[in-house]
Amino acid sequence: MMRHFLTVSDVMTKNVVTVAEDTSFKAVAAVLAEHQISAVPVRGAYGEVAGVVSETDLLHKEEFQRTPRRVLPWTHRKARSKAAALTAGSLMTSPAVTIEGGCTLDEAARLMAARELTRLVVTDGDELVGIVARSDLLRAFLGTDEELLARVRRDVVDRHLWDDPLAVEVSVREGVVTLSGQVDKRSTVAFAEHLVAGVDGVVGVQNELSWRVDDTTRPTGATFY
């Protein structure tokens, strides 16, 4: 059986506010304020996601409002261009960085980190289906210890430690999973810890498992041909 991982679709915001490319600067600012959001996707002429406008894009106007163009270094030209923008189409960062809803939370986190973003546009093919923010990726850690215990039991113990799952005792406190009991092979101990650490919502693992047979070392005096 396949393990169940939380996906972007599980935690994303589905009712997404958007603006058109010709939406005015003031109207974009009003949308962000009204909905208490920090960014908004911009739809193109055919309904596609053309880009994203964030609070940072809007703040360039304030940043350069009283700074003469001639004193700005060339590295600031893009920001200065946004400061002069009047519509969402001129303000937006394009193309938008997108992710499919079926991707796992760790995949989304790596993409955000690599691109230095705080949110991603979620798509299904070319269709906009949601927005996922950094705070959304933390939802896995907000569940109860009882929910996490059930997840570890289902995704690791019952599905992968099939030789004798009842021999493994699991407890959870503040997101830290403790494994105890005895398994047949020493290799299973490290395998179990690795799988548990990969369960969404696990903060840490305390591995107190023991084993009956050490299958990780070659028997003394054994000869292999």
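Now for a description of the structure that goes with this document. (Residues numbered from 1 in each chain as written. Predicted model: local features only at pLDDT ≥ 70, side-chain atom pairs only at ≥ 80, totals over all residues. Heavy atoms only, no water.)

1. Focus on a nonpolar patch on the surface
A cluster of nonpolar side chains, Leu138, Phe141 and Val203, forms an exposed patch at the surface whose accessible area comes to about 300 Å². On the secondary structure map, Leu138 appears in the loop between α7 (134-137) and α8 (145-160). (Patch = residues over 30% accessible without salt bridge, like charges linked within 9 Å, V, L, I, M, F, W, Y side chains within 5 Å. Areas by Shrake-Rupley, 256 points an atom, 1.4 Å probe, with all protein chains shown as cover. Salt bridge = Lys/Arg side-chain N within 4 Å of Asp/Glu carboxyl O. Helix = DSSP H or I, 4+ residues; strand = E, 2+ residues; numbered from the N terminus.)

2. Quick word on the sheet that holds strand β8 (residues 176-185)
Taken in spatial order, the 3 strands line up as β7-β8-β9 in an open sheet, and their pairing is mixed. With partners counted over all chains shown, the strands left at the sheet margins are β7 (168-173) and β9 (204-213), one partner each. Ignoring strand direction, the axes of neighbouring strands in this sheet form an average angle of 10°. With 6 bridges connecting them, β7 and β8 associate as antiparallel partners. Bridge pairing in β8 places Ser171 opposite Thr178. In the packing of α8 onto the sheet, contacts are made with β7 and β8, and the angle to β7 comes to roughly 150°. (Pairing = 2+ DSSP bridges. Axes fitted to C-alpha atoms, helices over the stretch in contact; angles between N-to-C directions. Contact = heavy atoms within 4.5 Å.)

3. Quick look at the nonpolar core
Counting 18 residues, the largest nonpolar core has Val152, Val168, Val177 and Leu179 as the members making the most contacts within it. When residues of this core are traced back to their parent elements, those giving at least two are α8, β7, β8 and α9 (186-197). Ignoring anything within four residues of it in the chain, the contact list for Val177 reads Leu148, Val152, Val170, Ser171, Val172, Val196, Val202, Gly204, Val205 and Gln206. (Core = buried A, V, L, I, M, F, W, Y, C linked by side-chain atoms within 4.5 Å. Buried < 20%, exposed > 50% of the residue type's maximum accessible area, 1.4 Å probe, protein only.)

4. Some thoughts on the pattern of salt bridges
Per the counting criterion, the structure on display carries 6 salt bridges. In this structure, Arg110 and Asp106 form a salt bridge, with 3.1 Å as the shortest nitrogen-oxygen distance. Highlighted residues: Arg110 and Asp106, both in helix α6 (residues 105-115), separated by 4 residues, approximately one helical turn. For Arg110, a relative accessible area of 52% puts it in the exposed group. Residue class for Asp106 comes out partly exposed when judged on its relative accessible area of 39%. In this structure, Asp155 and Arg159 form a salt bridge, with 3.8 Å as the shortest nitrogen-oxygen distance. Note that Asp155 and Arg159 are positioned in helix α8 at a spacing of 4 residues, about one turn of the helix. On the basis of relative accessibility, which here comes to 1%, the residue Asp155 falls in the buried class. Taken together, the shared-partner salt bridges in this structure form one network comprising Arg154, Asp155 and Arg159.

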